[in-house]
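Residues per chain are reported as follows:
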Amino acid sequence: LGDASNTERLVPTAISNTSLPAAIDVWSGSSAVHTCAQPAGISSLACWGRNDSYQLGVVDDYDRNFPVPVSMTSGTIDVAASFYHTCIATQSGIPWCWGRNAESQCGQNASTTIVDFPRQVPQLTDVVAIAAGAYHTCVVKTDSTAWCWGQNTEGQLGIGNNDDQPTATSVLLP
């Protein structure tokens, strides 16, 4: 929960850690076992929880029960915290992802199964929003187009077929 313990809590509990004095936004996916927050007055992230796929954005795979700063996340405007990976959209319009990439959900070649620190998603600019499922990621660009990549076994990328996509592919919006 970010309170430096592994105790289950039945009531809201303050995060008492100097790396997160006050948060202006918090993200945790529906199936995620990690959380990220943006500290007030700072445009970068702090994350905590499960880290077996490097989804916290730190240089090891140890779980953290307290917020740890994530490097290279300055200018964060949106965050997607999925089960195995985390992605951000930045003020510069560039998306960054880290964590599990076996299905290319971090936007890197699938031969790179783990992205152990934030990496820019290639060939994407002008991103204003980002969302992530367990094995895929989607963005919205300033021109209101949607782009997705990663696993597509159920057609979750919205591209008209069930083929996995290792790179960002335009969604077929009506």
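Preceding this paragraph is the structure being described.
Along each chain, residues carry numbers from 1 onward, in the same order as the chain's sequence is written. Totals for whole chains, interfaces and linings use all residues, but because this is a predicted model, local features are given only for residues with pLDDT of at least 70 and pairs of side-chain atoms are given and counted only at 80 or more. Values reported for side chains reflect all heavy atoms of the structure, with hydrogen atoms and water molecules removed beforehand.

J.: Can you help me understand a nonpolar patch on the surface in this one?
T.: Like-charged residues within 9 Å of one another, or nonpolar side chains (Val, Leu, Ile, Met, Phe, Trp, Tyr) within 5 Å, are grouped into patches, provided each residue has over 30% relative accessible area and no salt bridge. Only the protein chains shown count as covering a residue, and every accessible area follows the Shrake-Rupley method with a 1.4 Å probe. The salt bridge criterion pairs a side-chain nitrogen of Lys or Arg with a carboxyl oxygen of Asp or Glu, the two atoms within 4 Å. A cluster of nonpolar side chains, namely Ile77, Val128 and Val140, defines an oily patch on the protein surface of about 200 Å² accessible area. Runs of H or I in DSSP of at least four residues are treated as helices and runs of E of at least two as strands, each being numbered from the N terminus. For valine 140, the location among the structural elements is in strand 10 (residues 136–141). Buried means the residue's accessible area, taken with a 1.4 Å probe over protein chains only, is under 20% of the maximum for its type, while exposed means over 50%, and partly exposed covers the values in between. Relative accessible area serves as the criterion here: at 34%, valine 140 is assigned to the partly exposed category.

J.: Help me understand the sheet that holds strand 7 (residues 95–100) in this model?
T.: Strand pairing within a sheet occurs via backbone hydrogen bonds; the two strands may be parallel or antiparallel. Taken in spatial order, the four strands line up as 5-6-7-8 in an open sheet, and their pairing is antiparallel. A single partner strand is all that each edge strand has here, and the edge strands are strand 5 (76–81) and strand 8 (114–120). Between one strand axis and the next, the sheet turns by 10° as a mean value, whatever way the strands run. The pairing of strand 6 (residues 85–90) with strand 7 spans five bridges and is antiparallel. Paired with alanine 89 across the two strands is proline 95, which belongs to strand 7. Pairing between strands is defined by DSSP: at least two bridges between them are needed. To obtain an axis, a line is fitted to C-alpha atoms, over the contacting stretch when the element is a helix, and the angle between two such axes runs from 0 to 180 degrees between their N-to-C directions.

J.: Please explain the state of the cysteines as it appears in this structure.
T.: Here a disulfide denotes a covalent bond joining the sulfur atom of one cysteine to the sulfur atom of another. When two cysteine sulfur atoms lie within 2.5 Å, the pair is treated as a disulfide. Tallied over the entire structure, the rule returns three disulfides. Here cysteine 36 connects covalently by a disulfide to cysteine 47, the sulfurs 2.0 Å from one another. Measuring handedness by torsion sign, the sulfur bridge of cysteine 36 and cysteine 47 sits at about 105° and is right-handed. Residue cysteine 36 is located in strand 2 (residues 34–39), and its partner cysteine 47 is located in strand 3 (residues 45–49); the two are separated by 11 residues in the primary sequence. Overall, the relative accessible area of 0% leaves cysteine 47 in the buried class. The side chain of cysteine 138 participates in a disulfide bridge whose partner is cysteine 148; the two sulfur atoms lie 2.0 Å from each other. Residues cysteine 138 and cysteine 148 share a disulfide whose torsion about the S-S bond is about 110°; that sign makes it right-handed. In this pair, cysteine 138 sits in strand 10 while cysteine 148 sits in strand 11 (residues 146–150), placing the two residues 10 residues apart along the sequence. In this structure, cysteine 138 and cysteine 148 share a single accessibility class: buried. Indicated for the protein is the disulfide connectivity 1-2, 3-4, 5-6, based on numbering the bonded cysteines in sequence order. Free of any disulfide, cysteine 106 has its nearest cysteine sulfur in cysteine 97, 5.1 Å distant.

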